[in-house]
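Analysis of the macromolecular model
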Amino acid sequence: YSIICSEFASRGFVVAAVEHADGTACCAQLADGGWLLLQGLGTGAALEAKCGYRVQECVTMARALQAMDAGVAVPGLSLSGPAQPAAAFRSRLDMSRLAVMGHSCGGATAAAAAAQHGEFKAGVALDPWWPLLPSG
């Protein structure tokens, strides 16, 4: 998805790509530095739980962006350069236009996150895999 992220960034958007650590991604680096490889999607309640987990990861990222915009440090977050995230992004993000976007499982995740959490003003679901959403 790097080309999509790069294209949005080249047009002035701040892009935060979430590596979902629920076992549905090919691989994800965890906070402790370890790696989680694909565990599969599961079915039924297990699949619905993964949707909730993924939505919460998106909300966590939104809150990290809100903190950085307020100039508050986010523990464990660093940039590739020498700048500190809180200083680099302080008062530079338009949080009134926060959107969430995803493809396939991420598309369903984006739709659920936008529907359930008001901080997301828009949700973009690219070819969403709807079975990820809770059936209730």
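What comes next is a walk through the structure. Per-chain numbering applies: the sequence of each chain, read as written, is numbered from 1 onward. A pLDDT threshold of at least 70 governs which residues receive local features in this predicted model, and a stricter bar of 80 or more applies before side-chain atom pairs are shown or counted, although totals over entire chains, interfaces and linings include all residues. Side-chain metrics rest on all non-hydrogen atoms present in the structure, leaving aside hydrogens and water.

A word on the side chain of arginine 54
Inspection of the secondary structure assignment puts arginine 54 in helix α2 (residues 44-69). Residue arginine 54 is classed as buried on the basis of its relative accessible area of 5%. Setting aside residues up to four positions removed in sequence, arginine 54 forms contacts with His20, Asp22, Thr24, Cys105, Gly106, Thr109 and Leu132. Every helix listed is a DSSP run of H or I at least four residues long, and every strand listed is a run of E at least two residues long, numbered separately from the N terminus. Partly exposed describes any residue whose relative accessible area lies between the buried limit of under 20% and the exposed limit of over 50%, with all areas from a 1.4 Å probe on protein chains only and scaled to the type maximum. Every residue pair with non-hydrogen atoms within 4.5 Å of one another is taken to be in contact.

What to know about the environment of arginine 97
With respect to the element layout, arginine 97 can be found in the loop between α3 (85-89) and β3 (99-103). Through-space distance from the C-alpha of arginine 97 to that of alanine 122 is 7.7 Å; in sequence the pair is 25 residues apart.

Describing the layout of surface pockets
The gaps left among the atoms become clear once a water-sized probe is rolled over them. Residues are called lining when one of their atoms sits within 4 Å of a cavity or pocket point, these points coming from a 1 Å grid over the protein atoms alone, where a cavity is a set in which a 1.4 Å probe fits but cannot get out and a pocket is an open set with protein on both sides within 12 Å along at least five of seven lines. Grid points are joined across faces, edges and corners, and a volume is the space filled by probe spheres set on the points. Taken as a whole, the largest pocket spans an internal volume of roughly 1,400 Å³. Val15, Ala16, Ala17, Val100 and Met101 are, among the 43 residues lining the largest pocket, the residues nearest its centre. Of the residues in the lining of the largest pocket, the class split is 29 nonpolar, 9 polar and 5 charged. Considering only enclosed or pocket space, the second largest pocket measures out at about 870 Å³ in volume. Surrounding the second largest pocket, 24 residues form its lining, Ala17, Val18, Met61, Gly76 and Leu77 being those nearest its centre. The element that contributes the greatest number of residues to the lining of the second largest pocket is α2, accounting for 7 residues. When residues are sorted by character, Ala, Val, Leu, Ile, Met, Phe, Trp, Tyr, Cys and Pro go into the nonpolar class, Asp, Glu, Lys and Arg into the charged class, and all the rest, Gly among them, into the polar class.

Looking at the pattern of salt bridges
Every case where a carboxyl oxygen of Asp or Glu lies within 4 Å of a side-chain nitrogen of Lys or Arg is listed as a salt bridge. In total, this model carries 3 salt bridges according to the counting rule given. A salt bridge links glutamate 7 to arginine 11; the nearest nitrogen and oxygen atoms lie 2.6 Å apart. With a relative accessible area of 39%, glutamate 7 lands in the partly exposed category. With its nearest N and O atoms 3.9 Å apart, the salt bridge here joins aspartate 22 to arginine 54. One end of the pair, aspartate 22, is in the loop between α1 (2-10) and β1 (27-29); the other, arginine 54, is in helix α2, and 32 residues separate them in sequence.

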